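These are the residues of each chain, in order.
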Amino acid sequence: MTYATKNEINTWTQHIQGVCGEFETRFDGQSSLFIGEVKSFLLGQTEIAFIKSNASFIERKPDILDRVKDRFCFLILQYTGKMLLKYRDETLFLSEGDIVLLDSDEHIAMHPQGLFSHISVHLSRDKLFKQGITTAHFGKLISHNMSAHLLKNMLKTISSENIEFWYAEEDGNAFEDALIALIKPTINYKNIRASDSLKLKAERYILENLSHVNLSPKIVANHIGVSLRHLYRLFVVEEQSVNKYIQMKRLEKIQFELKDLKNKRISITEIALRWGFGDSAHFSKIFKKVYGISPRKYREANKL
């Protein structure tokens, strides 16, 4: 079945709740600009949803008594776009290709950074637990091993068109069983955890120091206690340089502030300087290259 709404947040919320359980949605822009699409399918006993939206905030509160409680856990691939996800006591930053496993009984707060799409598979809670995959393993999954690579590719290649064309009753629950089989070694891949921990420390330090114009890979490497070459290796796995990561995070902060009406009297140059860009002309060039529009036109387009 397919649901699509453009303007009615309440209709979108009802559709999401019908597929994924009691999630609430907020949109801070003009209602006419809202985008919300959901396509859901049943593969054997496994529900899968293709979700696309530009919602500002999506939340599921803990201990909700609904159809998913104690039955399903959400395996989510961030297909496009970026999102800040608050889950339990963690703040997770999701980029394209990241995968998270979430417990429907926990507090889930999503803060999309613009338009996003993701694939959500509702895995059997009982099956996961029987395979030794408990809530202690939930959260952002390690993505730098063979099983995770296969898991990501499996999710990326599936689409509503593929399901409609290929899926047959004989397939049964093979899709869910294959996903769980790949999740198990992924959560137990100990050697990558150390690298992930270092990268997380690097990312956290960068996010905390974006406003410093002199922030550099060398400073980051010194802070987390690794060589500059080691730091580069941590980021190159995802084909993203340290400098590019710093630049993109600065742009995301500026993008958010340009949309905030509280900053309407603050010049674009001042906002750029606030987030570590020392040259306003260089900033404008980079912003337009990434977002396809100048900072001034972007601010005007997002006025209420």
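Right above here is the structure, for reference.
Just so you know, these numbers come straight off a predicted model, no measurement behind them.

Novice: Help me understand the overall build of the protein chain in this model?
Specialist: Each helix and strand counted, the protein chain has twelve helices and twelve strands in total. In terms of C-alpha radius of gyration, the protein chain reaches 21 Å, essentially the compact-globule figure of 19 Å for 304 residues. Each of the three principal axes of the protein chain carries a C-alpha extent, and together these read 60 × 50 × 35 Å. Looking at the 304 residues of the protein chain, the share that counts as buried comes to 47%. Long-range pairs, those at least 24 residues apart, make up 70% of the contacts in the protein chain with a sequence separation of at least 6. For the protein chain, the computed accessible surface area is about 16,100 Å², with 51% contributed by carbon and sulfur atoms.

Novice: Just to check I follow, could you spell out the sheet that holds strand β7 (residues 83-87) for this structure?
Specialist: In a beta sheet, neighbouring strands pair by backbone hydrogen bonds and run either parallel or antiparallel. Read across the sheet, five strands follow the order β2-β5-β10-β7-β8 without closing on themselves; strand pairing throughout is antiparallel. A single partner strand is all that each edge strand has here, and the edge strands are β2 (24-26) and β8 (90-94). Sheet twist, expressed as the mean angle between neighbouring strand axes with direction ignored, is 15°. With five bridges joining them, β7 and strand β10 (residues 108-112) adopt antiparallel strand pairing. Bridged to leucine 84 within β10 is histidine 111. Each of β2 and β5 (57-60) touches helix α1 (residues 9-20); the most contacted strand, β2, lies at about 150° to it.

Parameters and conventions
One numbering rule holds for all chains: residues counted from 1, following each sequence as written. Residue-level local features of this predicted model are given only where pLDDT is at least 70; pairs of side-chain atoms are given and counted only at 80 or more, and the full residue set underlies all totals for whole chains, interfaces and linings. Calculation of side-chain values draws on the structure's entire complement of heavy atoms; hydrogens and water are dropped beforehand. Each helix is a run of H or I in the DSSP string that is no shorter than four residues. Each strand is a run of E no shorter than two, and both are numbered from the N terminus. Here the globule rule is a power law, 2.2 Å times the number of residues to the power 0.38, and the radius of gyration is based on C-alpha atoms. For each residue, the accessible area found with a 1.4 Å probe, counting protein chains only, is set against the maximum for its type, and the residue is called buried under 20%, exposed over 50%, and partly exposed in between. We call two residues in contact when some of their heavy atoms are within 4.5 Å. Residue-level accessible areas treat just the shown protein chains as cover; the underlying method is Shrake-Rupley with a 1.4 Å probe. Should DSSP find at least two bridges between two strands, the strands are taken to pair. Inter-axis angles, ranging from 0 to 180 degrees, are taken between N-to-C directions of lines fitted to C-alpha atoms, where helices are fitted over the stretch in contact.

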